[in-house]
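A look at the structure
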Amino acid sequence: LIELAASGLRFALLREPICWEDAGDIDIVVCDISGFDTQLVELGYVMFSSGKENRKYIKYDWDAEQWIHLDVQFKIRFGDLEAPAHFIKSLLDRSILSDAGIYHLDPADEAILLVFHLALDKGCLSPKYRERIFCCDRSLMLNHAESYSFLPRPVAEYLDIIDRLREGKIGERNAIAEIRSLFDPSGSARPPLWMRAFRRLRTILKAHPAIVFLGPDGAGKTTLTEPFERLRWPGVRRQFMGPARKS
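Read on for an overview of the structure.

Quick notes on the rules
- Residues numbered from 1 in each chain as written.
- Predicted model: local features only at pLDDT ≥ 70, side-chain atom pairs only at ≥ 80, totals over all residues.
- Heavy atoms only, no water.
- Helix = DSSP H or I, 4+ residues; strand = E, 2+ residues; numbered from the N terminus.
- Buried < 20%, exposed > 50% of the residue type's maximum accessible area, 1.4 Å probe, protein only.
- Contact = heavy atoms within 4.5 Å.
- Expected span 1.5 Å × (residues − 1).
- Core = buried A, V, L, I, M, F, W, Y, C linked by side-chain atoms within 4.5 Å.
- Polar contact = N/O pair within 3.5 Å; in protein donor to acceptor, adjacent residues only side chain to side chain.
- Pairing = 2+ DSSP bridges.
- Salt bridge = Lys/Arg side-chain N within 4 Å of Asp/Glu carboxyl O.
- Axes fitted to C-alpha atoms, helices over the stretch in contact; angles between N-to-C directions.
- Parallel < 35°, antiparallel > 145°, perpendicular 65-115°, else oblique.
- Nonpolar A, V, L, I, M, F, W, Y, C, P; charged D, E, K, R; others polar.
- Patch = residues over 30% accessible without salt bridge, like charges linked within 9 Å, V, L, I, M, F, W, Y side chains within 5 Å.
- Areas by Shrake-Rupley, 256 points an atom, 1.4 Å probe, with all protein chains shown as cover.
- Phe/Tyr/Trp six-rings, centres within 6.5 Å; stacked < 30°, edge-to-face > 60°.

1. Details of the overall build of the chain
Helices and strands together make up the secondary structure of the chain, namely 10 helices and nine strands. Among the 247 residues that make up the chain, the fraction classed as buried is 36%. In the chain, the share of contacts with a sequence separation of at least 24, taken over all contacts with a separation of at least 6, comes to 54%.

Written as structure tokens, this is what we have:
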């Protein structure tokens, strides 16, 4: 991320990982994906997934011996509601450059986005991020309320639910249900359980292409594939054949 910022790319870190070493991917937000894409390729990144709202890139850092997996968001959704383009610009305008040289979302924006991401998309307020939400000053979040005016209800109503959760007046399940109800009274903010189960099963059963490295002993197959084992994607399997099985 320091490299991206130093190259002049305008972005902001959506959610700072609790532990950078264990981060499966790094989520950042940008306004102009076309210009960003070109510069990422020049920096050695390879795009391996492209969607209507994001693109995913990968690069191996030989100095750190670690894969860098970037999830670049150029659109932000709240359930089925897509935020207007000027919303992302407002996020970037308020972003903060850290001492390390990385642009972060304003803490109030990060906390608000976490509330909706966890409630609408994940269906649970994970402990690792819950404290980040609870520790954010409510008044700071309300200072940005105008930027979230496109939401179905005022930000203050959603924060009231979080306050009651923090005070122990309601449980996590009820808090999520109330947020979804305010956000979408019809209850369609999240697909029904059977549909989510079907999508998960379809993903598991879906065939994926494979890349096979073949060659004699000493050709460099292990050298080529070893770095992939430190990445959650793709999966790597070694199959030894022939008399050199123990080599």
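There's plenty left to go through after this.
2. Examining helix H7 (residues 155-166)
Quick reminder: α-helices carry 3.6 residues per turn. Residues three or four places apart thus point the same way. Under the 1.5 Å per step criterion, the end-to-end length of H7 is 17 Å for 12 residues, consistent within 8% with the ideal 16 Å. Restricting attention to buried positions, one finds in H7 the residues Val155, Tyr158, Leu159, Ile161, Ile162, Asp163 and Leu165.

3. Some points on the nonpolar core
Grouped together as the largest cluster of nonpolar side chains are 40 residues, with contacts concentrated most on Ile76, Phe78, Phe116 and Tyr148. Of all elements in the fold, only helix H3 (85-94), helix H4 (107-122), helix H5 (127-134), H7 and helix H8 (172-183) reach the threshold of two or more residues within this core. With residues up to four places along the chain from it excluded, the contact list for Phe78 reads Ala83, Phe87, Leu113, Phe116, Leu120, Tyr148, Phe150, Leu151 and Phe183. Leu9, Leu40, Tyr45 and Phe74 belong to the second largest nonpolar core, which has 18 residues in total.

4. Thoughts on the side chain of Asp109
When you line up the elements, Asp109 lands in helix H4. In terms of polar contacts, Asp109 uses its side chain to reach the side chain of Tyr148, at 2.7 Å. Those residues in contact with Asp109 that lie beyond four places of it in its chain are Leu91, Arg94, His144 and Tyr148.

5. Topic: the pairing of strand S5 (residues 66-73)
With six of eight residues buried, S5 lies mostly within the body of the structure. Direction of pairing for strand S2 (residues 26-29) relative to S5: parallel, over a ladder of four bridges. Pairing of Ile26 across the sheet is with Leu70, part of S5.

6. Regarding the pattern of salt bridges
If you walk through the whole model with that rule in mind, you get 15 salt bridges. Between Asp109 and Arg94 there is a salt bridge, and its shortest N-O distance comes to 2.9 Å. Of the two residues, Asp109 is situated in helix H4 and Arg94 in helix H3; the sequence distance between them amounts to 15 residues. Asp109 gets classed as buried once you look at its relative accessible area, which sits at 0%. The network of salt bridges with common partners includes Arg138, Asp160, Asp163 and Arg166.

7. Examining the packing of H7 against H8
Two elements in contact, H7 and H8, have axes separated by 10 Å at closest approach and are oriented at 175°. In terms of axis orientation, H7 runs roughly antiparallel to H8. Together, Glu157, Tyr158, Ile161, Ile162, Arg164 and Leu165 of H7 and Glu172, Ala175, Glu178, Ile179, Leu182 and Phe183 of H8 make up the contact between the two elements. Tallied by class, the residues present in the contact of H7 with H8 amount to eight nonpolar, no polar and four charged.

8. Structural notes on a nonpolar patch on the surface
The grouping of Ile211, Phe213 and Leu224 at the surface amounts to a nonpolar patch, some 340 Å² of accessible area in total. Residue position: Ile211 is located in the loop between helix H9 (193-205) and helix H10 (221-225).

9. Focus on the environment of Ala145
Looking at the secondary structure, you find Ala145 in the loop between helix H6 (138-142) and H7. Classification of Ala145 as partly exposed rests on a relative accessible area of 26%. The sequence separation of Ala145 and Ala156 amounts to 11 residues, and the corresponding C-alpha distance is 7.7 Å.

10. Some words on the packing of aromatic side chains
Each aromatic ring pair is characterised by the separation of its centres together with the angle its planes make. One pass over the full model with this rule turns up eight aromatic pairs. Pairing Phe11 with Phe36 gives two aromatic rings, centres 6.5 Å apart and planes at 75°, and the pair type is edge-to-face. Here Phe11 is found in the loop between helix H1 (2-6) and strand S1 (12-13), whereas its partner Phe36 is found in helix H2 (residues 33-42), with 25 residues between them in sequence. Both residues of the pair, Phe11 and Phe36, belong to the buried class. Centroid distance Phe78 to Phe150: 5.5 Å. Interplanar angle 70°. Geometry classified as edge-to-face. Separated by 72 residues along the polypeptide, Phe78 in strand S6 (residues 77-78) and Phe150 in the loop between H6 and H7 bring together distant segments of the chain. Given a relative accessible area of 21%, Phe150 falls into the partly exposed group. Members of the aromatic cluster, joined through ring pairs, are Phe78, Phe87, Phe116, Tyr148, Phe150 and Tyr158.

By themselves these figures say nothing about function.
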